[in-house]
Amino acid sequence: MEGDRICFAVCDDDVNQGEWIGRTLRENFPGQGTTVDRYENGQELVEAIQRGEKYQILLLDIEMPQLNGVETAHKIKELLPDGVIIFVTSFYQHITAALETSPFQFLLKPVKQEELIRQVTRAMEYLSGRDFTITLHYKGEETTVKASDIVFVESSGKYLLVHGRDRDYQVMGKISRMEEQLRNHGFFRIHRCILLNLRFVQRIEKEQVCCVTGERLALSKQNRQPLIKAYGQYILGDGGRA
């Protein structure tokens, strides 16, 4: 974010709900230059972004005509990859499909004002802090990587394989040390050899975790229930964000 400037997009085909969310944002986040634009369907929002509108935080209803919220989010991720998406929904069954877009959060209808304010505040804190980086050392060279760009870290002998969204890195080190660095940034140890960024979780199966990036990672039996609990806290807003 630049100074206190923050641009919100609210997309909801329920006019009353959309107006209420927009009004709540304007009243509670009145920073200089803050804007709130409202749209009644996903197609309108996508077209606005294609014309050059840029938003840091986007609140999307999932059930909408023309483009539903999940379809809209997929298009937004192509146009604004750093946009923070908060889904608003009445139905738990939509959450699984929505996870493919790596949303920041879900708000369940009827949305309570205090919960809306809390989650948007968290999103703004995330925007301010998501530039947290770690420095990787290998063969005398240093590489700085954003934690938010790391999908998972894998231990292989005396090396760590750091799997990023765009490229991978090989460094010497211990996964326990990497876990200490990343634990408070949305990472969880799902296996003795694997440290996973929870924002990339698509679903948790009996013996593996499926990532939105396509990987299927081994999940140890003893870590499954702790992972489910940690991921639940993460989705509901009680955990850290990478």
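Residues numbered from 1 in each chain as written. Predicted model: local features only at pLDDT ≥ 70, side-chain atom pairs only at ≥ 80, totals over all residues. Heavy atoms only, no water.

(A) Summary view of the overall build of the protein chain. On a plain count of helices and strands, the protein chain comes out with seven helices and 15 strands. The C-alpha radius of gyration of the protein chain comes to 19 Å, within 12% of the 18 Å expected for a compact globule of 242 residues. Its C-alpha atoms give the protein chain principal-axis dimensions of roughly 55 × 40 × 30 Å. In the protein chain, which comprises 242 residues, the proportion classed as buried is 48%. Considering only contacts within the protein chain whose residues lie at least 6 apart along the sequence, 55% involve residues at least 24 apart. Of the accessible surface of the protein chain, which amounts to about 12400 Å², a share of 44% is contributed by carbon and sulfur atoms. (Helix = DSSP H or I, 4+ residues; strand = E, 2+ residues; numbered from the N terminus. Rg over C-alpha atoms; globule rule 2.2 N^0.38 Å. Buried < 20%, exposed > 50% of the residue type's maximum accessible area, 1.4 Å probe, protein only. Contact = heavy atoms within 4.5 Å. Areas by Shrake-Rupley, 256 points an atom, 1.4 Å probe, with all protein chains shown as cover.)

(B) The arrangement of the sheet that holds strand β2 (residues 35–39) in detail. Read across the open sheet, the five strands follow the order β2-β1-β3-β4-β5; overall the sheet is parallel. Both outer strands of the open sheet, β2 and β5 (105–108), are each paired with one neighbouring strand and no more. When the angles between neighbouring strand axes are averaged without regard to direction, this sheet yields 20°. Both strand β1 (residues 7–11) and β2 contribute to a ladder of five bridges, which runs parallel. (Pairing = 2+ DSSP bridges. Axes fitted to C-alpha atoms, helices over the stretch in contact; angles between N-to-C directions.)

(C) Quick peek at the packing of helix α2 (residues 42–50) against helix α3 (residues 69–79). Between α2 and α3, the shortest axis-to-axis distance is 10 Å and the interhelical angle comes to 5°. Accordingly, the angle class assigned to the pair α2 and α3 is roughly parallel. Residues Gly42, Leu45, Val46, Ile49 and Gln50 of α2 touch α3, and the partners they reach there are Thr72, Lys75, Ile76 and Leu79. For the contact of α2 with α3, the residue count by class is five nonpolar, three polar and one charged. (Parallel < 35°, antiparallel > 145°, perpendicular 65-115°, else oblique. Nonpolar A, V, L, I, M, F, W, Y, C, P; charged D, E, K, R; others polar.)

(D) View of the state of the cysteines. Counted by the stated rule, this structure contains zero disulfides. Looking at the unpaired Cys11, the closest cysteine sulfur is the one in Cys7, lying at 16 Å. On the accessibility criterion, Cys11 (1% relative accessible area) is buried. Lacking any disulfide linkage, Cys211 is separated from the closest cysteine sulfur, that of Cys210, by 7.6 Å. For Cys211, a relative accessible area of 3% translates into the label buried. (Disulfide = S-S within 2.5 Å.)

(E) How the structure looks around the side chain of His163. Mapped onto the elements of the fold, His163 is located in strand β9 (residues 159–164). Not counting residues up to four positions away in its chain, the partners in contact with His163 are Asp149, Ile150, Val151, Phe152, Glu154 and Asp168.

(F) Quick peek at unusual backbone geometry. Here the amide bond leading from Lys109 into Pro110 is cis, since omega sits at -5°, within 30 degrees of zero. Residue placement: Pro110 occurs in the loop between β5 and α5 (113–129). In the Ramachandran plot, Gln66 falls in the positive-phi region, its phi being about 65° despite a non-glycine side chain. Inspection of the secondary structure puts Gln66 in the loop between β3 (57–61) and α3. With relative accessibility at 62%, the residue Gln66 sits in the exposed group.

(G) Up close: the nonpolar core. Residues Leu45, Leu58, Leu60 and Ile190 are the most contacted members of the largest nonpolar core, which totals 39 residues. Sort the elements by how many residues they give to this core and helix α7 (residues 221–236) lands first, with five residues. If we ignore the near neighbours within four places in the chain, the residues touching Ile190 are Leu196, Val209, Leu217, Ala218, Leu219, Ser220, Asn223 and Leu227. Core analysis: the second largest hydrophobic core is formed by 21 residues, Ile6, Ile86, Phe104 and Ala123 among them. (Core = buried A, V, L, I, M, F, W, Y, C linked by side-chain atoms within 4.5 Å.)

(H) Region of the structure containing the pattern of salt bridges. For the coordinates displayed, the defined rule picks out 10 salt bridges. Residue Arg38 is joined to Glu19 by a salt bridge in which the shortest nitrogen-to-oxygen separation is 3.7 Å. Remark: Glu19 occurs in helix α1 (residues 15–28) and Arg38 occurs in strand β2; sequence separation between them is 19 residues. When its relative accessible area of 31% is taken as the criterion, Arg38 is described as partly exposed. For Glu19, a relative accessible area of 35% gives the class partly exposed. Across the pair Asp61 and Lys109 runs a salt bridge whose closest N-O atoms are separated by 3.3 Å. Of the two residues, Asp61 is situated in strand β3 and Lys109 in the loop between β5 and α5; the sequence distance between them amounts to 48 residues. Each of Asp12, Asp61 and Lys109 takes part in salt bridges that share partners, so that together they form one network. (Salt bridge = Lys/Arg side-chain N within 4 Å of Asp/Glu carboxyl O.)

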